[in-house]
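Geometric and topological summary
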Amino acid sequence: MDLKLGIKGEESEVVRHDNTAAAYGSGLVEVYATPAMIALMEKTCYRSVMPYLSEGEGTVGTHINVAHKKASPLGTVITCRSEIVEIDRRRVVFKVEAIDDKGDVIGDGTHERFVINVEKFMSK
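Now for a description of the structure that goes with this document. Keep in mind it's a predicted model, so treat the numbers as computed, not measured. (Residues numbered from 1 in each chain as written. Predicted model: local features only at pLDDT ≥ 70, side-chain atom pairs only at ≥ 80, totals over all residues. Heavy atoms only, no water.)

1. Here's the deal with the pairing of strand 3 (residues 77-88)
Heads up, the rule is: Any two strands with at least two DSSP bridges between them are considered paired. Going along the chain from the N terminus, every DSSP run of H or I of four or more residues is numbered as a helix, and every run of E of two or more is numbered as a strand.
When strand 1 (residues 8-14) meets strand 3, the two strands line up antiparallel, connected through 7 bridges. Within strand 3, the residue paired with Glu11 across the bridge is Cys80. Sheet topology note: the strand 3/strand 4 (residues 91-100) ladder contains 10 bridges and is antiparallel. When the sheet's bridge partners are listed, Glu86 is paired in strand 4 with Val93.

Okay, here's the thing in structure tokens:
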């Protein structure tokens, strides 16, 4: 494991029917679902650290504290950006934000992940 403060990640996706509140069952309207935003945030953090982990290591999400601030209709491109802001042994804390294609922050907060040995973790 070779993690450092300041490592950043970025991932994007388009709001489609399958990632709307209506499809997730978290609401009735076809706007970007909060669970979809959280999944994008987790994916962004996970992918940002993979190049810095040793063989056989991975990460698992353990805590997320985010606000979903703005609705995003079908066709909107959502980009998540993450940055490592704290490392405590195997605990890694990220600052996350999701931005729409107009440049507006639609969600932000923090996400915590733990570095694990995948084989050992799966054997439990």
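Alright, that's what it looks like, and here's the rest.
2. Concerning the sheet that holds strand 2 (residues 57-68)
What counts here: Note on method: axes are straight lines fitted to C-alpha atoms, helices fitted across the in-contact stretch only, with angles between N-to-C directions ranging 0 to 180 degrees.
Judged by pairing direction, the sheet is antiparallel, and its 5 strands sit side by side in the order 1-3-4-5-2 without closing on themselves. Looking at which strands have only one partner, the edges of the open sheet turn out to be strand 1 and strand 2. If you compare each strand with its neighbour and ignore which way they point, the axes differ by 25° on average. Of the pairings in the sheet, the one linking strand 4 to strand 5 (residues 105-117) comprises 9 bridges and is antiparallel in character.

3. Remarks on a nonpolar patch on the surface
As a reminder of what qualifies: Patch rule: a residue counts if its relative accessible area is over 30% and it has no salt bridge; like charges are joined within 9 Å, and nonpolar side chains (Val, Leu, Ile, Met, Phe, Trp, Tyr) within 5 Å. Residue-level accessible areas treat just the shown protein chains as cover; the underlying method is Shrake-Rupley with a 1.4 Å probe. By salt bridge we mean one thing: a side-chain nitrogen of Lys or Arg within 4 Å of a carboxyl oxygen of Asp or Glu. Between buried and exposed lies partly exposed: a residue is buried under 20% and exposed over 50% of the maximum accessible area for its type, with that area taken using a 1.4 Å probe on protein chains only.
A cluster of nonpolar side chains, Val118, Phe121 and Met122, forms an exposed patch at the surface whose accessible area comes to about 300 Å². Assignment of secondary structure puts Met122 in helix 3 (residues 118-122). Under the relative-accessibility criterion, Met122 is labelled exposed at 63%.

4. Remarks on the environment of Ile64
The condition is simple: Contacts are residue-level and defined by heavy atoms, with any inter-residue pair within 4.5 Å sufficient.
Tracing the backbone shows Ile64 in strand 2. For Ile64 and Val96, which are 32 residues apart along the polypeptide, the C-alpha to C-alpha distance reads 9.7 Å. Non-local contacts of Ile64, meaning those with residues more than four positions away in its chain, are made with Ile38, Met41, Thr110 and His111.

5. Regarding the environment of Gly27
Among the structural elements, Gly27 can be located in the loop between helix 1 (21-24) and helix 2 (34-49). Overall, Gly27 belongs to the partly exposed group, its relative accessible area being 29%.

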